[in-house]
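Descriptive analysis of the structure
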Amino acid sequence: MPTITVKDLTVTFIENKTQTTLALNGLDAEFLSEKINCVIGASGSGKTTLLKCVAGLCNYDGEIAFDGASVDRLAPKDRGVALVSQEFALYPHMTVFDNIAFPLKVAGCPRAEIIGRVNEIADILDLKYCLTRKPRHLSGGQQQRVALARALVKRPSVCLFDEPMSNLDAQMRFNERRFLRDSIKKYGCTAIYVTHDIPEATALADKLFVLDNGKVAVCGAPQDVFTSDNPAMAALRGEIK
Amino acid sequence: MANVSLKGVYKYYDKNPKPAVSDFNLEIQDGEFIVFVGPSGCGKSTTLRMVAGLEEISEGEIAIEGKVVNDIEPKDRDIAMVFQNYALYPHMTVYDNIAFSLKMKGLETPVLDEQGNPIFDKKGRPVVKKRRYTKQEIDEKVQEAARTLEITEYLKRKPKALSGGQRQRVAIGRAIVRKPKVFLMDEPLSNLDAKLRNQMRAEIIELRKKVQTTFIYVTHDQVEAMTLGDRIVIMKEGVIQQIGTPTEVFNSPANLFVACFIGAPQMNLFKAKLVKTEKGYAAMLDGVKLELSAAVNEKLKAQNAEEREIILGVRPEHINLEKSPSDKTLTAKVDISEMMGSELHVHAEFEHAIKIKDDNKKDDESEKDQKKMIVRTPLLGLPETIAESIRTGGEIYFTFSPEVMHLFDFETGNSLT
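Residues numbered from 1 in each chain as written. Chains lettered and ligands numbered in written order. Predicted model: local features only at pLDDT ≥ 70, side-chain atom pairs only at ≥ 80, totals over all residues.

Time to look at the overall build of chain B. A count of helices and strands for chain B gives 11 helices and 23 strands. A principal-axis box enclosing the C-alpha atoms of chain B has dimensions of 85 × 50 × 45 Å. Expressed as a percentage of the 417 residues in chain B, the buried residues total 34%. Taking contacts inside chain B between residues at least 6 apart in sequence as the whole, the part at least 24 apart equals 67%. (Helix = DSSP H or I, 4+ residues; strand = E, 2+ residues; numbered from the N terminus. Buried ≥ 20, exposed ≤ 12 C-beta atoms within 10 Å, placed from the backbone. Contact = placed C-beta atoms within 7 Å.)

This is the structure we're talking about:
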């Protein structure tokens, strides 16, 4: 699975005729292959824009490469990327099984393979007992896992997370983190995980990035980044007190 | 401002013999902030809607300012309600949305005789003169509400041009402009994202300081309940489990449900045995005798408690890690640990740890969670020997002091202390 290299990434949003906003300002980063790369930062620091660029959902200047091969000209569907966001976006009229199987059906997978793959991911994410239920009969944590299962069932090489747990209550989050870690490990995809919750980021991350004004302010092992005296990190630490 | 009293309130829905709310008794003081909290389907919103008059009361009595309101129309109860989905008029500007209730309601003033006493009609009701608010009066009140909520600059916009948090502020503005006696809020922050939710929570605390009104607030979020409420009413399946201040429900939960509902990560539960000793009582856990505090001993003596199986509850932050084993320490095996910024959450396996049943899971699924416990410990100053065994998945040795132990009946789950 790929190491993702981002070079000199710049994104400018046009607000109106006279005003523009620089969302990313020459960002450089290297995301570790088959690991969880967490990105934190104050709101407006460019976290979500970075994810959109990697997914190909937004126009950018600069270069994004998976294992050295540029993906800049590839459409989102050809990048092998899956996205899980804070709205679970499940189909309410479909069962859990059909929700998870949906991307495989669209891709034209044979029936036997669909059943095999859905059962495998349901087993990892502890969803086997609710495969026949509809999303409205599930708890928030379970719905979130269905969204994760639907993203991973295609076996994407890169999985992007945009604050996937911010709608879950505090007691649920540990379990969900455990499932997330287990499934990323099993499928070996490269994960970029955006959050504004610092404890969650330090708990999950193999490598932690702090964004400030559209650039990486500091990155490295979570323990080192959390205790670093970089002003952007210090400001974030102030927020959690 | 007004006090609100609920006496023996029941709510039955057609065809369902089980009440959605049963025997609800609560006295809310003038100017108090009360939070109803519980999992979905516990009857908290139903109770609030009965106070508002949006649901009929099946049995019992609800009184606002001493006056029974069971048969009074919602509009005549002098209450205001804020909903989760804001319910703003999309075609009106923020200003018109806030002014709407003033335009509709008008102003009632009692008619006075020459001596300045109110005049009553034949049925003994005070005679009132009704008139519309003048444009200037409406403007003053709207501007004042907008200043309180800091939305003056958005008054000319329509709701679709506002963010979720701003919309919710407009909804609150529409409620406070009428200066109601009681303010009812039904999960007002649930539609906002986590960051806005934190910000709006702080704003509600501020608002509460500015408008001295009685608040009844419904939420399923324990953090909101703990930070906002003067008192919290914890409900489950239509029944009140405990009423108390945030500190009371955290420190002295009435039963296992409250103990596990409040606090994150959840309280650890252990299967233990209550035994009699020379001094009074002690708890036996994994062969270690745990002394109980003097206060707990007194209470158990007063109940003349028998030796039996009990459930012992200890919050993750109250567990002390020890460097080496002794006859007073318990031993668990580290499963994984998570670095949560400045503290560490250690998840460990312990033979006598149990979990109460999760209704959402089948029995065999709940089984997997058994024998698991969590320890919360600060990272700073953690001895190297302990840090090492946590890193390598080794054994940890732990104790807890008598003051932090909660004792529950094994069968009923009620607190023994």
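Structure shown, so let's carry the discussion forward.
To continue, consider unusual backbone geometry. Residues and elements named next belong to chain B. A cis amide bond, omega -5°, links A264 with the succeeding residue P265. Structurally, P265 can be placed in the loop between α8 (256-261) and β13 (268-276). Of note in the backbone geometry, K179 takes a positive phi value of approximately 50° without being a glycine. Phi at N304 takes a positive value of approximately 55°, unusual for a residue other than glycine. Of note, N304 is situated in the loop between α9 (294-303) and β16 (308-314). Exposure remark for N304: the 6 C-beta atoms within 10 Å place this residue in the exposed category.

Let us look at the packing of helix α4 (residues 164-176) of chain B against helix α5 (residues 194-210) of chain B. All names here are of chain B. Between α4 and α5, the shortest axis-to-axis distance is 10 Å and the interhelical angle comes to 25°. On the basis of their axis angle, the class for α4 and α5 is roughly parallel. Crossing geometry of α4 relative to α5 is assigned as right-handed. Residues G164, G165, Q168 and I172 of α4 form the contact with α5, whose own contacting residues are L196, Q199, M200 and L207. Considering only residue class, the contact of α4 with α5 consists of four nonpolar, four polar and no charged. (Axes fitted to C-alpha atoms, helices over the stretch in contact; angles between N-to-C directions. Parallel < 35°, antiparallel > 145°, perpendicular 65-115°, else oblique. Left-handed = near helix turned anticlockwise from the far one by under 90°. Nonpolar A, V, L, I, M, F, W, Y, C, P; charged D, E, K, R; others polar.)

Listed per partner, the contact involves 18 residues of chain A and 15 residues of chain B. When contributions to the side of chain A that touches chain B are tallied by element, the ones reaching two or more residues are α5 (170-187), α6 (198-204) and α7 (222-227) of chain A. Per-element tally for the side of chain A that touches chain B: the top contributor is α6 of chain A, with four residues. Looking at the side of chain A that touches chain B residue by residue, the class counts come to nine nonpolar, eight polar and one charged.

A word on the domain arrangement of chain A. Residue and element names in this part refer to chain A. The domain boundaries assigned to chain A delineate domain 1 (1-78 + 156-241) and domain 2 (81-154). Inter-centroid distance (C-alpha atoms) of domain 1 to domain 2 is 24 Å. On the domain 2 side, the residues contacting the 24 residues of domain 1 number 17 residues. Broken down by class, the residue content of the side of domain 1 that touches domain 2 amounts to 15 nonpolar, four polar and five charged. (Domains from an automatic or database assignment.)

Quick look at the environment of K289 of chain B now. Assignment of secondary structure puts K289 of chain B in strand β15 (residues 288-291). Along the backbone, K289 of chain B and R178 of chain B are 111 residues apart, and their C-alpha atoms lie at a distance of 61 Å.

This next bit is on the packing of helix α4 (residues 140-152) of chain A against α5 of chain A. All names here are of chain A. Following both chains from N to C, one finds α4 and α5 inclined at 10°, their axes separated by 10 Å at the closest point. Put simply, α4 runs roughly parallel to α5. Remark: the crossing between α4 and α5 carries right-handed chirality. Mapping the contact onto sequence places G140, G141, Q144, R145, L148 and L152 in α4 and M172, N175, E176, F179, L180, S183 and Y187 in α5. Of the residues assigned to the contact of α4 with α5, the class counts are six nonpolar, five polar and two charged.

With that settled, the discussion passes to the sheet that holds strand β2 (residues 20-31) of chain A. Residues and elements named next belong to chain A. Spatially, β2-β1-β4-β5 is the arrangement adopted by the four strands of the open sheet, whose pairing is antiparallel. Two strands lie at the open edges of the sheet, namely β2 and β5 (69-70), each paired on one side alone. As defined by bridge partners, strand β1 (residues 4-14) adjoins β2 across nine bridges and the pair is classed as antiparallel. Across the sheet, V11 pairs through a bridge with L24, a residue of β2. (Pairing = 2+ DSSP bridges.)

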